[in-house]
Amino acid sequence: MRYLSGRCSAFVKIEENKMLKNKIYFAGPLFSQAERNFNIELTERIEKLNFEIFLPQRDGAELDKPPFINMTQEERNKAIFKLDVNQVSQCDIFLFILDGRVPDEGACFELGLAYNQKKMIIGLHTDMRASFIDSKLNAMLEGAFDELFTSAEALINYLKGLQEIKIEPNNT
């Protein structure tokens, strides 16, 4: 049995003798076909571990589906903002896909929301490119992460381990 304590320990919801089911907000780039395919494939792998995922490209206002298809671009932008902020607030775990020349701007904003709300924040950065001297990430981004992975397999293994976590009593 593993225990979790610290800044994000409140994310775990324990039910006696039941597997944990945490809600994940999946943040990252979703604008190219390759990005969308990667996001879907990773989401499906994580959902097989009994996590509930909000994937904006699948579950959000980004798709051309009712009622969003009939909105003006300004209305759609407001709907995306409101829905995504709400979903970040409802999640237990914030997952940020950091690949790309630089991390996605919208996901960076969402990261700030998640950090301020003391969500568990995990990242996946498989991109070999480095944006900063001696570092792949800006310090203001890197500092927000509870865990950062360089392979999808390591991320999946970590999430499997979260299913076994119990909360250590907070004595503060």
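Reading the values: rules and limits
- Residues numbered from 1 in each chain as written.
- Predicted model: local features only at pLDDT ≥ 70, side-chain atom pairs only at ≥ 80, totals over all residues.
- Heavy atoms only, no water.
- pLDDT = per-residue confidence, 0-100.
- Contact = heavy atoms within 4.5 Å.
- Core = buried A, V, L, I, M, F, W, Y, C linked by side-chain atoms within 4.5 Å.
- Buried < 20%, exposed > 50% of the residue type's maximum accessible area, 1.4 Å probe, protein only.
- Helix = DSSP H or I, 4+ residues; strand = E, 2+ residues; numbered from the N terminus.
- Pairing = 2+ DSSP bridges.
- Axes fitted to C-alpha atoms, helices over the stretch in contact; angles between N-to-C directions.
- Right-handed = clockwise from strand over helix to strand, strands pointing away.
- Left-handed = near helix turned anticlockwise from the far one by under 90°.
- Nonpolar A, V, L, I, M, F, W, Y, C, P; charged D, E, K, R; others polar.
- Parallel < 35°, antiparallel > 145°, perpendicular 65-115°, else oblique.

A. Main features of the confidence of the model for the protein. Of all residues in the protein, 78% have pLDDT values of 70 or greater, and the mean over the chain is 82. Below pLDDT 50 for its whole length, residues 1-7 participates in 25 contacts with residues either more than four positions away or in separate chains. Under a pLDDT of 50 for its full length, residues 9-20 has, in the predicted model, 27 contacts with residues more than four places off or in other chains.

B. Representation of the nonpolar core. Counting 21 residues, the largest nonpolar core has L42, I46, I122, L155 and L159 as the members making the most contacts within it. Elements with a contribution of two residues or more to this core: β2 (23-27), α1 (33-47), β4 (93-97), β5 (120-124) and α6 (152-162). The element contributing the most residues to this core is α6, with six residues. Once you skip the residues sitting within four places of it in the chain, L159 turns out to touch I24, I46, L49, F51 and I122.

C. Main features of the sheet that holds strand β3 (residues 52-54). The five strands are arranged β3-β2-β4-β5-β6 in an open sheet whose pairing can be described as parallel. Looking at the sheet topology across the chains shown, the edges are occupied by β3 and β6 (147-149). Across this sheet, the average inter-strand angle for adjacent strands is 25 degrees, counted without regard to direction. Where β2 meets β4, four bridges bridge the pair, whose relative direction is parallel.

D. Quick peek at the pairing of β4. Burial runs high along β4: five of the five residues are buried. Of the two faces of β4, both are covered, the one formed by I93, L95 and I97 as well as the one formed by F94 and F96. Direction of pairing for β4 relative to β5: parallel, over a ladder of five bridges. Residue pairing across strands places F96 opposite G123, the latter belonging to β5. Between the parallel elements β4 and β5, the chain passes through helix α4 (residues 105-116) in a crossover that is right-handed.

E. Structural context of the packing of helix α3 (residues 73-90) against α4. Between α3 and α4, whose axes approach to 9 Å, the crossing angle comes to 40 degrees. Crossing of α3 against α4: the hand is right-handed. Only F109, E110, L113 and A114 of α4 make contact with α3, whose side of the interface consists of F81, D84, V85 and V88. In terms of residue class, the contact of α3 with α4 is built from six nonpolar, no polar and two charged.

F. Structural context of the packing of α1 against α6. Where α1 meets α6, the closest approach of the two axes is 10 Å, and the angle between their N-to-C directions is 25 degrees. When the interaxial angle is binned, α1 and α6 end up roughly parallel. Crossing handedness for the pair α1 and α6: right-handed. Every residue of α6 that contacts α1 at L42, R45 and I46 is listed here: A152, E153, L155, I156 and L159. Residues that form the contact of α1 with α6 fall into these classes: six nonpolar, no polar and two charged.

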